[in-house]
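Next come the chains, spelled out residue by residue.
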Amino acid sequence: MRKLFFANWKMYLSDADAEALAHVFADRAPTASAELAAAPGFTALERVGRALDGSGVALGAQDAFWKDEGAFTGEVAPKQLAALGVRYVIVGHSERRAMGETDDTVARKAALVVADGMTPTLCVGETKDERDAGRREAVVRAQLDAALAALAPDAPLVVAYEPRWAIGTGVPCRPEDVAVMHAMIRGVLEAAGRKARILYGGSVDPKNAASYLALEDVAGLLVGGASTRKDDVLAMLDLFSE
Ligand code: PGA
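Summary of the structure given here. Only a predicted model underlies this, so the values are computations on that prediction, with no experimental measurement involved.

Turning to the overall build of the protein chain, a few remarks are in order. The helix and strand inventory of the protein chain stands at 10 helices and 8 strands. Whereas a compact globule of 242 residues would reach a radius of gyration of roughly 18 Å, the protein chain reaches 17 Å, a difference of no more than 12%. Seen through its C-alpha atoms, the protein chain measures out along the principal axes to roughly 45 × 45 × 30 Å. Of all 242 residues assigned to the protein chain, the portion counted as buried reaches 53%. A fraction of 71% describes how many contacts in the protein chain between residues 6 or more apart in sequence connect residues 24 or more apart. In the structure as shown, the protein chain presents an accessible area of about 10,500 Å², 51% of it carried by carbon and sulfur atoms. Looking at the protein chain, you have 27 positive and 34 negative side-chain charges, and the mean spots of the two groups are 2 Å apart.

As structure tokens, this is what we get:
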């Protein structure tokens, strides 16, 4: 299966550094075993888009607003992202949910991203407290249900399981737990008659990436910190071709 390596550069990298790293991605280009996408900060989108142009590497965005136009100071419309050539838009990233983003907002964003011709990458995942309370399946199922309710059955969709406690912490989720959660997510999608790739994300690095890629339901990786470092990127991409 061709797996997706999705780089989320968060609020790291100057625009010039993002452009330089985009050239590294473009030089590697997609292969028979790996599809590539990179989501820089908004200010670097145009520059990174130019660097990726013609390489087959997809341009991603880290978020989008849930309206396409209006008096919304500081927001970025999905339509504006589409005009820059963005293909994948992350919605519901845990760092945004932690700042108050609700399932309803995430669902609206996902729907508008699809309406504007792009593919939402829907992040779902439980907090440490929710996990410890034995609620991880229920939490993730509710996040999924809310977003799926806003999307037509044939809408393009990527889902990323990212337990919140594993993001940016250096505490990765055990592959056996990822397998359980991915199987649950696949079950929800299948029951709803939907097809979507399911990624894993959360403290992925060159040392642990292979353990996730080996899992049957893991269709790729959403990588934050390690995706901003050239050597780590190249090491992880090598694992995709094995
Ligand atoms: P991390 O971030 O790899 O730095 O944990 C993952 C993500 O935010 O998608």
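After that view, the rundown keeps rolling.
The biggest cluster of nonpolar side chains holds 66 residues, and the ones touching the most others in it are F25, I185, Y200 and L221. In this structure, F25 is in contact with F5, A7, W9, L36, A37, A38, L52, V57, S227 and V233, ignoring residues within four places of it in sequence. Core analysis: the next-biggest nonpolar cluster, separate from the first, contains 12 residues, A37, A39, A58 and C123 among them.

So, on to the pattern of salt bridges. Overall, the coordinates contain 20 salt bridges when judged by the stated rule. A salt bridge links R174 to D177; its shortest N-O distance comes to 3.0 Å. Here R174 falls in the partly exposed class, since its relative accessible area comes to 47%. According to the relative accessible area criterion, D177 is buried, its value standing at 16%. Through salt bridges that share partners, R136, E137, R174, E176 and D177 make up one connected network.

Structurally, S227 is set in the loop between β8 (220-223) and α10 (230-240). Classification of S227 as buried rests on a relative accessible area of 0%. Within the structure, S227 has its side chain in polar contact with the backbone oxygen of V223 (distance 2.9 Å). Reaching out from S227, the side chain makes a polar contact with the backbone oxygen of G224 at a distance of 2.7 Å. Filtering out sequence-adjacent residues up to four positions away, S227 remains in contact with F5, A7, N8, W9, L21, F25, V233 and M236.

Two elements in contact, helix α7 (residues 136-148) and helix α8 (residues 175-191), have axes whose closest approach is 11 Å; the angle formed by their N-to-C orientations is 35°. Along this stretch, α7 crosses α8, giving a crossing that reads as right-handed. Residues R136, E137, V140, R141, L144, D145 and L148 of α7 form the contact with α8, whose own contacting residues are D177, V180, M181, M184, I185, V188 and L189. Among the residues forming the contact of α7 with α8, the class breakdown is 9 nonpolar, no polar and 5 charged.

Let's shift gears to the packing of aromatic side chains. In this description, a pair of aromatic rings is defined by centroid distance and the angle of the planes. Enumeration over the complete set of coordinates arrives at 9 aromatic pairs. Judged by centre distance (4.8 Å) and plane angle (50°), the rings of F65 and F72 are tilted. Taking relative accessible area as the criterion, F65 reaches 9% and is therefore assigned buried. Overall, the relative accessible area of 31% leaves F72 in the partly exposed class. Their ring planes at 35° and their centres at 4.3 Å tell us that Y200 and Y212 sit as a pair that is tilted. Residue Y200 is located in strand β7 (residues 197-201), and its partner Y212 is located in helix α9 (residues 209-213); the two are separated by 12 residues in the primary sequence. Accessibility assignment for this pair places Y200 and Y212 in one class, buried. Taken together, F5, W9, F25 and F240 form an aromatic cluster joined through their ring pairs. Of note, R108 hangs over the ring of W66, and the distance from its end group to the ring centre comes to 4.8 Å.

Procedures and definitions
- Residues numbered from 1 in each chain as written.
- Predicted model: local features only at pLDDT ≥ 70, side-chain atom pairs only at ≥ 80, totals over all residues.
- Heavy atoms only, no water.
- Helix = DSSP H or I, 4+ residues; strand = E, 2+ residues; numbered from the N terminus.
- Rg over C-alpha atoms; globule rule 2.2 N^0.38 Å.
- Buried < 20%, exposed > 50% of the residue type's maximum accessible area, 1.4 Å probe, protein only.
- Contact = heavy atoms within 4.5 Å.
- Areas by Shrake-Rupley, 256 points an atom, 1.4 Å probe, with all protein chains shown as cover.
- Lys, Arg positive; Asp, Glu negative; His and termini not counted.
- Charge placed at Lys NZ, Arg CZ, Asp CG, Glu CD.
- Core = buried A, V, L, I, M, F, W, Y, C linked by side-chain atoms within 4.5 Å.
- Salt bridge = Lys/Arg side-chain N within 4 Å of Asp/Glu carboxyl O.
- Polar contact = N/O pair within 3.5 Å; in protein donor to acceptor, adjacent residues only side chain to side chain.
- Axes fitted to C-alpha atoms, helices over the stretch in contact; angles between N-to-C directions.
- Left-handed = near helix turned anticlockwise from the far one by under 90°.
- Nonpolar A, V, L, I, M, F, W, Y, C, P; charged D, E, K, R; others polar.
- Phe/Tyr/Trp six-rings, centres within 6.5 Å; stacked < 30°, edge-to-face > 60°.
- Lys NZ or Arg CZ within 6 Å of the ring centre and 35° of its normal.

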